[in-house]
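# Notes for the structure review
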Amino acid sequence: MKIVFCCTNTKADPWLEGFRQALPGVDIWEWQATPAGQAPKLADHAVVWSPPQQFIDEQTQLQNLFNIGAGVDALLKLNLPSSLNIVRLNDAGMSVQMSEYVCHAVIRYFREFNHYEKDTQEKRWSYRKPGLRSEFSVGVLGAGVLGSKVAQALQQFEFPVNVWSRSPKQLAGVKSFTGPDQLPAFLKATRVLVNLLPLTPDTENVLNRANLSQLQAGAFLINVARGKHVVDQDLLDLLDQGHMAGATLDVFRVEPLPQDHAFWNHPKIVITPHTSARTMREESIAQIAGKIKAVYAGQFIEGRVDKIRGY
Ligand code: NDP
Ligand code: OXD
């Protein structure tokens, strides 16, 4: 079995070593562009994150691309042969991190730590009357592997929690909304909007003025999915006009976020550097190695991407 590793911004050696241990006898190497005139060494499967088109064009015998992340938007921008399967990570240690991040951000707003941080800087002892939890409903866009876990974690803190997805969900204590027809009712019921949608042609720019304006007054946005879900200027306008009270942003149209971007200095915005749920190497290797073994055993594997649907 031959596996090629091509992951931008990732040190290859510990991954290669991990796969050699998990799949004894495997021939695995890090991809380097083949010099003109030479024949590339061809693999059966690839482990990838944001590979260049040249990689796909050279690796003509691949059966599966195993993505070391949940989002496959970068892969679907490439020109891929129709026979090539894409397999995303299913959780692999990300849902607990995502739950921590989102619960922290929601609780920070609910308990008004954002104000106490400012009071601390200004040496002000200023008690704030607690708000009502029943009026602090959280809406999670996307109720897949990560969104459903995040919704359940929030529900443990007894916030009213709603989710929006394409198909209906049954999550204890969580109300499910589906499809474009139910989006307005979902937004109207939301004080804190959490975005965990995949980036697809249907979801790009979904966090625009028309949709964000339908949130409850004083709404907050927590975007942990992709920067291209947000129309940046619409968010800035709604924050400046006071309809929205704050945003916690982990992902951006351009990453790293350019130094001159207006988000950096905005008093109502908190920025983190695409870190809400990091890929965990050991969990990911174990999951991908397990899926490769299942492929050879002719078994079903979770996480096969529907290239038409885009996730
Ligand atoms: P899943 O594919 O498991 O879930 C996607 C969810 O979105 C599903 O519930 C799906 O509905 C819903 N959805 C998709 N398209 C639409 C649509 N047009 N209308 C309504 N609902 C829709 O993905 P994950 O939960 O694993 O990950 C979500 C995203 O989180 C990733 O794509 C990635 O972009 C981002 N991410 C960010 C990270 C970070 O560090 N910032 C880390 C990991 C992921 P249905 O269930 O009905 O199919
Ligand atoms: C992912 C990510 O999609 O880290 O997994 O953004």
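To be clear, the structure that these remarks concern was listed above.
Residues numbered from 1 in each chain as written. Chains lettered and ligands numbered in written order. Predicted model: local features only at pLDDT ≥ 70, side-chain atom pairs only at ≥ 80, totals over all residues. Heavy atoms only, no water.

### A closer look at the packing of helix α4 (residues 94-110) against helix α5 (residues 113-121)
Interhelical geometry of α4 versus α5 gives an angle of 65° and a closest axis separation of 6 Å. Between α4 and α5, the angle falls in the class roughly perpendicular. In this structure, α4 contributes Ile107, Arg108 and Tyr109 to the contact, and α5 contributes Phe113, Asn114 and Glu117. Split into classes, the residues belonging to the contact of α4 with α5 amount to three nonpolar, one polar and two charged. (Axes fitted to C-alpha atoms, helices over the stretch in contact; angles between N-to-C directions. Helix = DSSP H or I, 4+ residues; strand = E, 2+ residues; numbered from the N terminus. Parallel < 35°, antiparallel > 145°, perpendicular 65-115°, else oblique. Contact = heavy atoms within 4.5 Å. Nonpolar A, V, L, I, M, F, W, Y, C, P; charged D, E, K, R; others polar.)

### Considerations on the packing of aromatic side chains
Counted according to the given criterion, the structure contains 10 aromatic pairs. Between the aromatic rings of Tyr109 and Phe220, the centroid separation amounts to 4.0 Å while the plane-to-plane angle is 20°, which identifies the pairing as stacked. Highlighted residues: Tyr109 in helix α4 and Phe220 in strand β10 (residues 219-223), separated in sequence by 111 residues. What makes Tyr109 buried here is its relative accessible area of 4%. With centroids separated by 5.1 Å and ring planes inclined at 55°, the aromatic side chains of Phe110 and Phe136 adopt a geometry described as tilted. Residue Phe110 is found in helix α4, and its partner Phe136 is found in the loop between α5 and β6 (138-141); the two are separated by 26 residues along the sequence. Across the pair, Phe136 and Phe110 agree in class, each one buried. An aromatic cluster is defined as three or more aromatic residues linked by ring pairs; in this entry it consists of Tyr109, Phe110, Phe136, Phe159 and Phe220. In this structure, Lys41 packs its charged tip against the face of Trp29, placed 4.0 Å from the ring centre. One residue, Arg133, lies across the ring of Phe159, its end atom 5.4 Å from the ring centre. (Phe/Tyr/Trp six-rings, centres within 6.5 Å; stacked < 30°, edge-to-face > 60°. Buried < 20%, exposed > 50% of the residue type's maximum accessible area, 1.4 Å probe, protein only. Lys NZ or Arg CZ within 6 Å of the ring centre and 35° of its normal.)

### Side note on helix α7 (residues 179-188)
Among all positions of α7, only Gly179, Leu183, Phe186 and Leu187 are buried. Taken end-on, α7 shows its buried residues confined to a sector of 95°, consistent with a single buried face. Structural note: α7 exposes Asp181 and Lys188 on the side pointing more than 90 degrees away from its buried face. Where α7 is buried, its residues meet β6, β7 (161-165), β8 (174-178), β9 (192-195) and α8 (209-212). (Arc of directions from axis to C-beta.)

### Some remarks on the pattern of salt bridges
Following the criterion strictly, the structure yields 10 salt bridges and no others. Note that Lys118 is salt-bridged to Glu122, the shortest N-O span being 3.4 Å. For Glu122, a relative accessible area of 41% puts it in the partly exposed group. Residue Asp237 pairs with Arg209 through a salt bridge whose shortest N-O separation is 3.3 Å. Remark: Arg209 occurs in helix α8 and Asp237 occurs in helix α9 (residues 232-240); sequence separation between them is 28 residues. Taking relative accessible area as the criterion, Arg209 reaches 31% and is therefore assigned partly exposed. (Salt bridge = Lys/Arg side-chain N within 4 Å of Asp/Glu carboxyl O.)

### Some details on the site of ligand 2
If you check the shell around ligand 2, you find Trp49, Gly69, Ala70, Gly71, Met94, Arg226, His274 and Ala277 and nothing else. Between an oxygen atom of ligand 2 and a main-chain N or O atom of Ala70, the distance comes to 2.7 Å. In this structure, Arg226 approaches ligand 2 through a side-chain N or O atom, which is 2.8 Å from an oxygen atom. Protein burial of ligand 2: of its 210 Å² of free accessible surface, 87% is covered by the chains. Considering only residue class, the shell around ligand 2 consists of four nonpolar, three polar and one charged. (Near = heavy atom within 4 Å. Polar contact = N/O pair within 3.5 Å; in protein donor to acceptor, adjacent residues only side chain to side chain. Areas by Shrake-Rupley, 256 points an atom, 1.4 Å probe, with all protein chains shown as cover.)

### Focus on the sheet that holds strand β11 (residues 244-249)
Reading across the sheet, the seven strands line up as β8-β7-β6-β9-β10-β11-β12 and stay open at both edges, with parallel pairing between neighbours. Across the chains shown, the open sheet's two edge strands, defined by having one partner strand only, are β8 and β12 (269-271). Sheet twist, expressed as the average angle between the axes of neighbouring strands with direction ignored, equals 15°. The sheet contact formed by β11 and β12 spans three bridges and is parallel. Bridged to Ala247 within β12 is Ile269. (Pairing = 2+ DSSP bridges.)

### Examining the sheet that holds strand β3 (residues 45-49)
Spatially, β2-β1-β3-β4-β5 is the arrangement adopted by the five strands of the open sheet, whose pairing is parallel. The outermost strands of the open sheet, each flanked by one partner alone, are β2 (27-30) and β5 (85-87). Strand-to-strand, the axes of this sheet are offset by a mean angle of 20°, without reference to chain direction. Sheet topology note: the strand β4 (residues 64-67)/β5 ladder contains three bridges and is parallel. Its bridge partner being in β5, Phe66 is matched across the sheet by Val87. Packed onto the sheet, helix α1 (residues 12-22) meets β1 (2-7), β2 and β3 and runs at close to 175° relative to β2. Along the sheet, helix α10 (residues 281-296) makes contact with β1, β3, β4 and β5, crossing β4 at roughly 160°.

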